[in-house]
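# Commentary on secondary and tertiary structure
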Amino acid sequence: MSAPVSIRPATTADLQAITDIYGHAVTNGTASYEYDPPSLSEMTMRFSALMNGGFPYVVAQAGDEVLGYAYAGPFRTRSAYRFTVEDSIYIAPTAQGRGVGKLLLRELITRCERQGFRQMIAGIGDADVNIASIALHTAMGFTHCGRVSGSGFKHGHWCDTVFMQLALNGGTQTLPA
């Protein structure tokens, strides 16, 4: 019997597993448009920047194994965008298709709502290939808000990016606090 999956805040102790999961996605997939997997040092700097910015970063764990991770970061850096975050979710190859992404995204949405964010954006790379990510976001209430054709070129083909959006805390129905 496998260990139950728990979702918890990410720590620096998770960064090697996070680096490995992301490195596999960079090398083998098109969800990220990076060509070269970042080093542990680079991933540590990225993690620290998000933590210092007060953004949520969570991992899914079963036993001692990190199965995946998710975080929200700034959608754009100008102050008018301060109520909007962009989510990122990556799942270990052995954990894909087991509902881990849904657990992570649900927790990430909850944490972003608690922090007062009003919109969450998903930028999904290579939309024709990464249909599971589109399906996950759709199941969690996101709606399509745009598609940029040929926005990336990776693994020998042009990739479209789909943008999806989820209103948080009433979205645009009220003014932010």
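Residues numbered from 1 in each chain as written. Predicted model: local features only at pLDDT ≥ 70, side-chain atom pairs only at ≥ 80, totals over all residues. Heavy atoms only, no water.

### With respect to the layout of surface pockets
Put simply, the rule reads: Think of a 1 Å grid over the protein atoms and nothing else: a 1.4 Å probe that fits but is trapped marks a cavity, an open set flanked by protein within 12 Å on at least five of seven lines marks a pocket, and residues with an atom within 4 Å of a point count as lining. Grid points are joined across faces, edges and corners, and a volume is the space filled by probe spheres set on the points. For helices the rule is a DSSP run of H or I covering at least 4 residues; for strands it is a run of E covering at least 2, with both sets numbered from the N terminus onward. Residues are sorted three ways: Asp, Glu, Lys and Arg are charged, Ala, Val, Leu, Ile, Met, Phe, Trp, Tyr, Cys and Pro are nonpolar, and all the rest, Gly among them, are polar.
The computed volume of the largest pocket comes to approximately 1300 Å³. Contributions of two or more residues to the lining of the largest pocket are made by helix H1 (15-28), helix H2 (40-52), strand S3 (65-74), strand S4 (84-91), helix H3 (100-114), strand S5 (119-124) and helix H4 (131-139). For the lining of the largest pocket, the element with the most residues is S4, which contributes 6 residues. Here the residues of the lining of the largest pocket sort into 25 nonpolar, 17 polar and 6 charged.

### A closer look at the pattern of salt bridges
This is how the line gets drawn: Salt-bridge detection follows one rule: a side-chain nitrogen of Lys or Arg within 4 Å of a carboxyl oxygen of Asp or Glu. A simple rule labels every residue: compare its accessible area, found with a 1.4 Å probe on the protein chains alone, to the largest value its type can have, and call it buried under 20%, exposed over 50%, or partly exposed in between.
For the structure shown, the criterion picks out 6 salt bridges. Of the charged contacts in the structure, one is a salt bridge between Glu107 and Arg111, with a shortest N-O distance of 2.7 Å. Of this pair, Glu107 and Arg111 both sit in helix H3, separated by 4 residues, roughly a single helical turn. The partly exposed category is assigned to Arg111, whose relative accessible area is 22%. Measuring nitrogen to oxygen at the nearest pair gives 3.0 Å for the salt bridge that ties Asp160 to Arg147. Here Asp160, found in strand S7 (residues 157-167), pairs with Arg147, found in strand S6 (residues 143-154); they are 13 residues apart in sequence, far enough to count as distant. Judged by its relative accessible area of 44%, Arg147 falls in the partly exposed class. Via salt bridges that share partners, Glu34, Glu42 and Arg46 belong to a single interconnected network.

### What about the nonpolar core?
Spelled out, the test is: Grouping buried Ala, Val, Leu, Ile, Met, Phe, Trp, Tyr and Cys residues that are joined through side-chain atoms within 4.5 Å yields what is termed a nonpolar core. By definition, residues are in contact when any of their heavy atoms lie within 4.5 Å.
Within the largest apolar cluster, 46 residues are counted, with the highest numbers of intra-cluster contacts made by Ile18, Tyr69, Leu104, Leu105, Ile109, Met120 and Phe142. In contact with Ile109, not counting residues within four places along its chain, are Met120, Met140, Phe142, Leu166 and Leu168.

### What to know about the packing of H1 against H2
Formally: Helix axes use the C-alpha atoms of the stretch in contact, all axes being lines fitted to C-alpha atoms, and the angles between their N-to-C directions lie in the range 0 to 180 degrees. An angle below 35 degrees is treated as roughly parallel, one above 145 as roughly antiparallel, one from 65 to 115 as roughly perpendicular, and anything else as oblique.
In the contact formed by H1 and H2, the axes pass within 9 Å of each other and the chain directions differ by 110°. Judged by the inter-axis angle, H1 sits roughly perpendicular to H2. Contacts from Leu15, Gln16, Ile18, Thr19 and Tyr22 of H1 reach H2 at Leu40, Met43, Thr44, Arg46 and Phe47. Residue composition of the contact of H1 with H2, by class: 6 nonpolar, 3 polar and 1 charged.

### A few points about H2
Helical periodicity: at 3.6 residues per turn, an α-helix aligns residues three or four positions apart in one direction. Inclusion rule: For a helix, the expected span equals 1.5 Å multiplied by the number of residues minus one. Note that the arc is computed from the directions linking the helix axis to the C-beta atoms.
Taking 1.5 Å per residue as the helical rise, H2 with its 13 residues ought to reach 18 Å, and the 18 Å between its terminal C-alpha atoms agrees with that figure. When H2 is considered as a whole, its buried residues turn out to be Met43, Phe47 and Leu50. What you see down the axis of H2 is that its buried residues fit within an arc of 60°, all on one side. Set apart from the buried face of H2 by more than 90 degrees, the exposed residues are Met45, Ala49 and Asn52. The secondary structure elements touched by the buried residues of H2 are H1, strand S2 (57-62) and S3. With its phi angle positive at about 80°, Gly54 sits one or two positions after the end of H2.

### What to know about the environment of Tyr81
Mapped onto the fold, Tyr81 is located in the loop between S3 and S4. As for Tyr81 and Gly29, which are separated by 52 residues in sequence, their C-alpha atoms are 29 Å apart. In contact with Tyr81, other than residues within four places in its own chain, are Phe75 and Arg76.

Everything listed here is a matter of coordinates, which is why it stays silent on function.
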